[in-house]
Every structure is written in C-alpha cells, then in structure tokens.
Amino acid sequence: MKEWRYWLNEQRGTLMGLAIFILMFAVYIFNHPAGFTPDVVQTAANKGVLLAFVAMAQTLVVLTAGIDLSVGMIFVLTNCIASYLVVGDTGETTIGIIGVLLAGMLCGAVNGALVIYGRLQPIVATIATSAIYFGLALLIRPIPGGEVNEELADFLTGSLFDVVPTSLVLLLAVVIVIWIPFRKSVLGRAAYASGSSEQAAYMSGMPIRRGKFAAYVLGGVFAGMGGLFLTFFTYTGEAAFQSGGSYTLWSIAAVVLGGVSLFGGRGSAIGAIFGAFAARTTGDMLFVFDVDPLWQPLLQGVVLMIAVSIGAIGLLRVRNRLDWFQ
Amino acid sequence: MSDMTEERLQTAARLPAFIRRIDPAVATAFGCIILLLIVGSLYSSNFLSPEYLIQQLKVASFLGVVAAGMMLVILLGHIDLSVPWVMTMGAMMACAAAGFGVSGHILAIPVGVLCGAFFGLINGFGVAYMRIPSMIVTLATNVVAQGLMVLYTGGFSPQDSAPPAIRWLATGFIIPGLPNAVIVWALVSAVMVFLYARTSYGRAIYGIGNSERAAYLSGMNTRRIVLIAFVISGALSAFAGVLVAGYASKAAQSMGDAYLLPSIAAVVLGGTSILGGKGSYLGTIAGVILITLLQSILAVMQMPEAGRQIIYGVVIIGMLLLYGRTPASR
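Our subject in this report is the structure included herewith.

1. Quick look at the interface of chain A and chain B
Of the residues lining the interface, 47 residues belong to chain A; the matching set on chain B comes to 50 residues. Taking both sides of the interface into account, the surface hidden between chain A and chain B amounts to around 4,500 Å²; carbon and sulfur atoms contribute 79%. Summed over the shared surface of chain A and chain B, the result is 0 salt bridges. Between the two partners, chain A and chain B, sit 0 residue pairs in polar contact (both at pLDDT 80 or more). At 13 residues, helix H6 (residues 122-140) of chain A tops the list of elements feeding residues into the side of chain A that touches chain B.

2. Thoughts on empty space enclosed by the protein
The final tally for this structure, using the stated rule, is 1 cavity of 30 Å³ or more. When its volume is computed, the largest cavity comes out at roughly 60 Å³. If you go around the largest cavity, the residues you meet are A:Val124, A:Ile127, A:Ala128, B:Leu261, B:Ile264, B:Ala265, B:Val268, B:Leu269, B:Ile316 and B:Leu320. Going through the elements one at a time, H6 of chain A together with helix H13 (260-269) and helix H15 (305-323) of chain B are the ones with two or more residues in the lining of the largest cavity. Among the elements that line the lining of the largest cavity, the one with the most residues is H13(B), at 5 residues. For the lining of the largest cavity, the residue count by class is 10 nonpolar, no polar and no charged.

3. Here's the deal with the packing of aromatic side chains
Residue and element names in this part refer to chain A. This model, assessed by the stated rule, comprises 14 aromatic pairs over all chains. Seen in terms of ring centroids, Phe 53 and Phe 229 are 6.5 Å apart; in terms of plane orientation they differ by 50°. Their pairing is tilted. Here the residue Phe 53 occupies a position in helix H3 (residues 38-63), and Phe 229 occupies one in helix H11 (residues 208-234), the gap between them amounting to 176 residues. Grouping aromatic residues by their ring pairs yields a cluster made of Phe 21, Phe 25, Tyr 28, Phe 274 and Phe 277. A cation sits over an aromatic face here: Arg 183 above Tyr 192, 4.1 Å from the ring centre.

4. Thoughts on helix H4 (residues 50-75) of chain B
Residues spaced three or four apart along an α-helix face the same direction, because each turn holds 3.6 residues. Residue and element names in this part refer to chain B. In the structure, H4 departs most strongly from a straight axis at Ser 61, where the bend amounts to approximately 30°. Most of H4 sits inside the fold, with 19 of its 26 residues counted as buried. Gly 77 lies just past H4 and shows a positive phi near 90°.

5. Quick notes on the side chain of A:Gln58
In this fold, A:Gln58 is placed in helix H3. With a relative accessible area of 0%, A:Gln58 lands in the buried category.

6. Topic: the pattern of salt bridges
Residues and elements named next belong to chain A. Applying the stated rule across the entire model yields 2 salt bridges over all chains. For Glu 198, the salt bridge is made with Lys 212, and the minimal N-O distance between the two is 3.3 Å. Here Lys 212 lies in helix H11 and Glu 198 lies in helix H10 (residues 198-203), a separation of 14 residues in the sequence. Using a relative accessible area of 31% as the deciding quantity, one classes Glu 198 as partly exposed. Lys 212 sits in the buried class, given a relative accessible area of 14%.

Basis of the calculations
Residues numbered from 1 in each chain as written. Chains lettered and ligands numbered in written order. Predicted model: local features only at pLDDT ≥ 70, side-chain atom pairs only at ≥ 80, totals over all residues. Heavy atoms only, no water. Contact = heavy atoms within 4.5 Å. Buried area = accessible area lost by both parts, 1.4 Å probe. Salt bridge = Lys/Arg side-chain N within 4 Å of Asp/Glu carboxyl O. Polar contact = N/O pair within 3.5 Å; in protein donor to acceptor, adjacent residues only side chain to side chain. Helix = DSSP H or I, 4+ residues; strand = E, 2+ residues; numbered from the N terminus. 1 Å grid on protein atoms, 1.4 Å probe; cavity = no way out; pocket = protein on both sides within 12 Å on 5 of 7 lines; lining within 4 Å. Points joined across faces, edges and corners; volume = space filled by probe spheres on them. Nonpolar A, V, L, I, M, F, W, Y, C, P; charged D, E, K, R; others polar. Phe/Tyr/Trp six-rings, centres within 6.5 Å; stacked < 30°, edge-to-face > 60°. Lys NZ or Arg CZ within 6 Å of the ring centre and 35° of its normal. Bend = angle between axes of the 7 residues up to and from the residue. Buried < 20%, exposed > 50% of the residue type's maximum accessible area, 1.4 Å probe, protein only.

What follows is the structure, given as structure tokens:
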C-alpha cells in the first residue's frame, strides 16, 4: 500500500465525521431563511463549540478504551466555578481562567487516578465521581447566578472582523496548541496504544499508565474549557443536573458520529469536533424546517439511531463469524 | 506469587464449608448494611423500628426490580442506559391504557410491561445482531423513548393518574404488615434466582459474560440469548416504572432519572463484575438495600442535596476501592 492510503485508512473515521457534518450543515444552510451569513454561522459555531469541547474531553478517555460519564458534570462544575472567578480586571480574569482550567484538570486527574491507580472500571468510577462533581457544583451555586467578565465574554462569543467566529478560532488554536502536540507525543501515542491493545503496549515498554493518566487529565482540562465557554455564553453559573446529563450523552453521540471507536485506539479529537457540530446541527435543522418543537427529542433520537446503525454496515464485510465477537 | 495463592488456599481450606462458599464482595456489602444501620440508629432512635425498616424495603423494591434486569445485562458484559425513559414510558402507557374502561384497567400493567419489552427488543437487536456497543444503542433508544413520551404528553405531565390496581400493587397489603411491592420484588427475585441456578439459560448468561466466542463455539445461540436478556431488562424497567407510578399515584416525566445510576451502582456494589460473567443475585439484593439505606440515612440526617450527592459518590468509590477492583494486569 502507498503511504497516502495508510493515512486515508487512519483518518477514515474523521473524514466520515467531516462528511456527515458538511452534508447536514449544507442542508441546514440551504433551508435557512437568512442563508449563509456571518450571523448564522456565528450562532451555530458558538453552540457547537460548547459540545465540541466536551466531545474532545470524551474522545481522550474513549481512546484509552474507557468512558467518562462525568464529563457533563465537570462541564457544569467548572461553569459554576467560572461564574465566581472570571471577573474583574485583566489580571484577575487571567488568574480566574487558570483557576477554572486547574479545577477541570483536577477533576480529570481524580477520574484518572481512580481508574488507573485505583483499578476501578471507568463506567462505575465516573458515575460515582459525576455525583461528587454535581454535588460540588450545587454546593457553590445552590441557585443560578454569578457573573463573568463581559468584555471578554462578548469578544469570545463574537466574531473577528465581523466574519470569522472567535469561538472557532479559539477551538482551532486549542487543536493546534494542545491536541496535535499531544497526539504526536510519547504520552499521546501510549494512550492510543493502550486503547488498541494494552498488553502489546505494555510488552513494548510504552508508558501506558502515564499515557492514560495524561489522557484523563487533558480530558478534564477540555471539559473545563467547555464550562468556561458556557459561562461566557450565558453570563451565569448554574448547577443544572439535566444539562450535565445531556452533555455527557451527546458527547458520546458526538464521539461516535466523529468516527472514534468506543473500543479504543482509533479516531481523533478532530473527528469528535465534527461529530459535535453535526449533532448540534440536527437540533437546529428542526428549527429551519419549522418542525413543532415537541417533535425535536424524537427526531434527534431517530437521527442518532440511524447514525449509530451506520456502524453496523461493517458486519457485511466480516468473513469469519468469530469476528463478530471481539 | 504462587506461594501466596497456595497459602491463601490452605487458610481457606481450614474454614468451614459454609464460610468458604461466601463471596467476599457479598459479605462486605452485607457488612456495610449492618454498619449503616448502626450509624443510622445513632442519629434517630426509630431507625431500627420494624415500621421504618419495612418502609425502606418498600422503597428498595422499586430499585430492586430495575436492578434485577440491569444485573442480567451487566452479567453479559453489556449495560442498559435506556432505563430512565423506558421506566417512564411503562408508567405512562399503563396509566394511559387504564383510560380505556374496564378492559383497560385489566390490561394496564401488561401494556406498560410490553412497551418496555418492545424497547428491550430494539436494544437487544442492536446489540446482538447489529453488534453495536450496548452503551450506544441503549443511549439512542433512551432518547427515542424520551421523544415519544414528550410527544405523547405534549410537553407537560399528563394528569392521568394511576388506576387503583396499580396503586394496590405498589402500596396495598395482601399479607398484613408486608407491602405488596416487597412481595413483588421477592417474586421477581425468586424467578431470577431460579433462572441463574436452575436453567441452562442462566448458565449461558454467565458463559457469554466470560467469553462470547467460547460460548458461540460451544454451540450456544449467543445472539438470541443476548436479545432475550435485553427484552427481560426492558420489561423489568417498565414494570418498575408501573410500580413507581402506583407509589406516587401518577406517572410523571423524568420519574426514571433517579433510577439509572443507583441501579448500576447497586449491581456493582453487590459484587457483579461490570465486565460480565461474575456475580451473584444475593449480592444485587444487598447492593439495592445498601443504596436505599444510604439514601435514607442522608435524608434522615437532613443533609442538603449537595452534600447528599457528594457523600453518595464518595461512599460508592470507597466501597468499590474496598472490593470492586480489577486484578493488576501484571
């Protein structure tokens, strides 16, 4: 095989995610009364970026063959923290942002420590930590409220030169500065390797524990960025149980749409970003087609079912029935 | 390492048979229950009164019915995340059926349970025949069930209240002093124990949980077995929803949200491996009682919701670290 074919094979999931997103976004834009204007793009970008950060956090954990059911609650918790810290002048705001990201990092580190060093199963460990994080969020924000540095918030949810949404630039910066270096680093490769075959990775002397731990910690940071961005978007902090739960749910959906294998080791956070935008577009789609809002959850569910079933097509290529059972 | 194991085996061999057979996880879970009862009695003197304990059992029975289905699925190495809205759907459909006169009243419970079984069928088909990870399929069917119920209710909680038969099943008494809900839970438990201990189907569940490949090669129709397990789980979730509707005397949206995580926690705290193939039903009963008592003690202590959530999470992690750890990989 030629080199580019290996590359194509590796990126297949991501490209599928991109294709789904472009298709859905095109349908959305063509039917939107205002068409392809900066305002429409900006609104879509801001809503998509929130889920994109959470989906990136989920991707990191899923790549190590785990699952993080607490991402939504880290997102809610950091939102509540940010509504206290990210205020005041430039210096205070900067310290506040660092504080929020550190809080997210700490949440991720707790999950990672429990799963890797405590040897608990990711599903149950993160179910338990999600209760703790939600409790903490409720503790610091019993009722919705708080404030945020509005200048910064307006800048980050606005657009550069009235054309490019700032949130997309921010997301791109995070991908270039954090995700790609991590992907290429030894730790990143160890995280991938432990997801595809932990035994083989161990035998080849990869630092799997550190790699997995780094993935959980970085996942916490990404979820924290999502929480921070939510604060910029809503100007308040709210310990919303429903919202945390649905972000966890849709982060998993976004990861699947973005071509990341839930068995670990395959896929990329970039795919998950496309998946997140595709998932968000489904919700907006109903708006442009003027569907009764009551139908929205059902149609979203049906779209999710169809997207998930696409993955089953691979079964037709299986030559040996034993390959059904991983 | 082998010396250690041998030594441990020898110590174990000296113990009487009935102690040797006890699963350490189940024993720890029951130990924790006793601990919780002692802690609770320090806070309130009527914590150990029979009325209070019976009331706890009644509350536990709803979670117990959900956990029975959840355990079946977890033993296979899968998970059922569609519990919340399948429960709600079961309750709402049962209440809706009761609106159709006398025959509706008779059919109310079967209709609710059948709706749950139908969603279980979709879950099972996706997992067993389409080989989609169970977490994804059940997540998607949960959203679909939610969508259907939102559409059905028009966005509001419908006012149809639970018919008398359902209310009687959840809160009435056949045997004086023992609520019917507890009897229902005991019956479900008896069926599950029989399933695991005395049927080839139960054996097959454990077999598939350990290695689906091996089970398939030894001639089991593994796909059908997985499918049936999901159908049972869906039916039991919906049945629990019907019971909760009877207890609260009406079906409400998001009534099932409070049951998903506790049911998984109860099964896992009862010593069932989340990877499947290992676990006992007695442990699940212990887990259910443990979770219910924990929630009740936190309520008795008049802990605010925030503190309740934190303690709940910390206790689950603590108990998992005590006995829910996977063996070291090297």
